[in-house]
Amino acid sequence: MLLGCVDADAEREMKSRRRGGVPNRRHSGRHLEVVARGLPLGLGSFVTWDSRLDGRLAQAIVSMQAVKGVEVGFAEEGAQSFGSKVQDTIHYNREDRRFFRGNNRAGGIEGGMTNGEDLRVRGFLKPISTLRRPLESVDLETREPSKAAYERSDVCVVPAAGVIGEAMVAIVLAGAMLEKFGGDSLHETKRNYEGYL
């Protein structure tokens with residue numbers, strides 16, 4: 001089974017935990033993470049609430065089944081820290097002649113727009129609530145306690161959700177690219193993009 005994890009050791013541990021959940025009849029949640037690299041500065045907008053790229057990404061990820069929360073950058077960690085601990089300081093590399101950030105706690109988005117750092121979005125998935133044994137329920141005709149039918153056998157949605165999460169982020173970023181660079185053809189969009197760079 002392929003989980004799509006970039007860290008081979010972490011993937012082995014994830015597989016081990018997943019296998020352990022089956023005989024114990026436990027299902028696990030966890031989170032998916034999508035990282036987009038090499039994005040141009042300024043995708044998205046700061047002008048209106050519904051044009052902010054972080055809001056659009058959050059909507060796309062939380063619209064996925066089983067996703068109950070979204071994080072851009074290190075939001076949860078940042079919410080538990082002081083302001084002095086969540087700064088992404090600005091630096092300059094004279095050799096490369098480019099600015100860069102000391103950290104990327106903002107997850108590549110500031111003020112609703114990409115800032116040139118890696119875009120990092122997480123979706124938090126609930127565990128699958130149906131188990132390999134019938135759950136308590138009620139018979140709709142008699143209104144008496146009853147057992148629900150056994151419905152499914154998978155124990156973790158993370159592998160499938162990772163693929164869907166990548167697609168959702170790609171759709172939002174493609175829309176933001178077209179809004180920024182426009183064009184009636186790929187050739188024109190590419191020309192506009194290269195001119196912007």
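Throughout, a residue's number is its position along its own chain's written sequence, starting from 1. Selection of residues for local features in this predicted model requires a pLDDT of at least 70, selection of side-chain atom pairs for listing and counting requires 80 or more, and totals for whole chains, interfaces and linings are taken over all residues. As a rule here, side-chain values come from all non-hydrogen atoms in the structure, and water together with hydrogens is ignored.

> Looking at this structure, how should I read the side chain of Arg122?
Strands are runs of DSSP state E lasting at least two residues, helices are runs of H or I lasting at least four, and both sets are numbered from the N terminus onward. Structurally, Arg122 is set in strand β7 (residues 119-125). Type-normalised accessible area, obtained with a 1.4 Å probe on protein chains alone, sets the label of each residue: buried when under 20%, exposed when over 50%, and partly exposed for intermediate values. For Arg122, a relative accessible area of 9% corresponds to the buried category. Here Glu71 takes part through its side chain, which lies 2.7 Å from a polar atom of the side chain of Arg122. Pairing of N or O atoms within 3.5 Å defines a polar contact, subject to two protein rules: one partner must be a possible hydrogen donor and the other a possible acceptor, and residues neighboring in sequence count only if both atoms are side-chain atoms. At a separation of 2.7 Å, a polar atom in the side chain of Arg122 contacts the main-chain carbonyl oxygen of Gly73. Two residues form a contact once any of their heavy atoms are found within 4.5 Å. Once you skip the residues sitting within four places of it in the chain, Arg122 turns out to touch His31, Leu32, Glu33, Ile61, Gly69, Val70, Glu71, Gly73 and Phe74.

> How should the nonpolar core be read in this particular structure?
In globular proteins that are soluble, nonpolar side chains generally tend to be buried together. Leu53, Leu57, Leu119, Leu125, Val169 and Leu173 are the most contacted members of the largest nonpolar core, which has 26 residues in total. Those elements giving two or more residues to this core turn out to be β1 (30-36), α2 (53-62), β2 (67-72), β7 and α4 (158-181). For this core, the element with the highest residue contribution is α4, accounting for 7 residues. Discounting residues that sit within four places of it in the chain, Leu57 has contacts with Ile109, Leu119, Val121, Val169 and Val172. For the purposes of this section, nonpolar cores are sets of buried Ala, Val, Leu, Ile, Met, Phe, Trp, Tyr and Cys residues that join through side-chain atoms within 4.5 Å.

> Sorry, what's going on with the packing of aromatic side chains here?
Ring pairs (aromatic) are described by centroid distance and by the angle formed between their planes. Whether two aromatic rings pair depends on their centres lying within 6.5 Å, for rings of Phe, Tyr and Trp, where Trp uses its six-membered ring; planes under 30 degrees apart make the pair stacked, over 60 edge-to-face, and the rest tilted. Enumeration over the complete set of coordinates arrives at 3 aromatic pairs. Taking the centre distance of 5.2 Å and the plane angle of 65 degrees together, the rings of Phe181 and Tyr196 count as edge-to-face. With a gap of 15 residues between them, Phe181 in helix α4 and Tyr196 in helix α5 (residues 186-196) connect regions that are remote in the sequence. By relative accessible area, Tyr196 is classed as partly exposed at 37%. The structure contains a cluster of three or more aromatic residues connected by ring pairs, namely Phe181, Tyr193 and Tyr196.

> Please clarify how the pairing of strand β3 (residues 90-93) should be interpreted in this entry.
Taken residue by residue, a regular strand's side chains alternate between the two faces of the sheet. Pairing analysis gives 4 bridges linking β3 to strand β4 (residues 98-101), with the strands arranged antiparallel. Note that in β4 the partner of Tyr92 across the bridge is Phe99. Taking the residues between adjacent antiparallel strands as the criterion, β3 and β4 are bridged by 4 residues, where Arg97 takes a positive phi near 50 degrees. Here the rule is simple: two strands pair whenever DSSP picks up at least two bridges between them.

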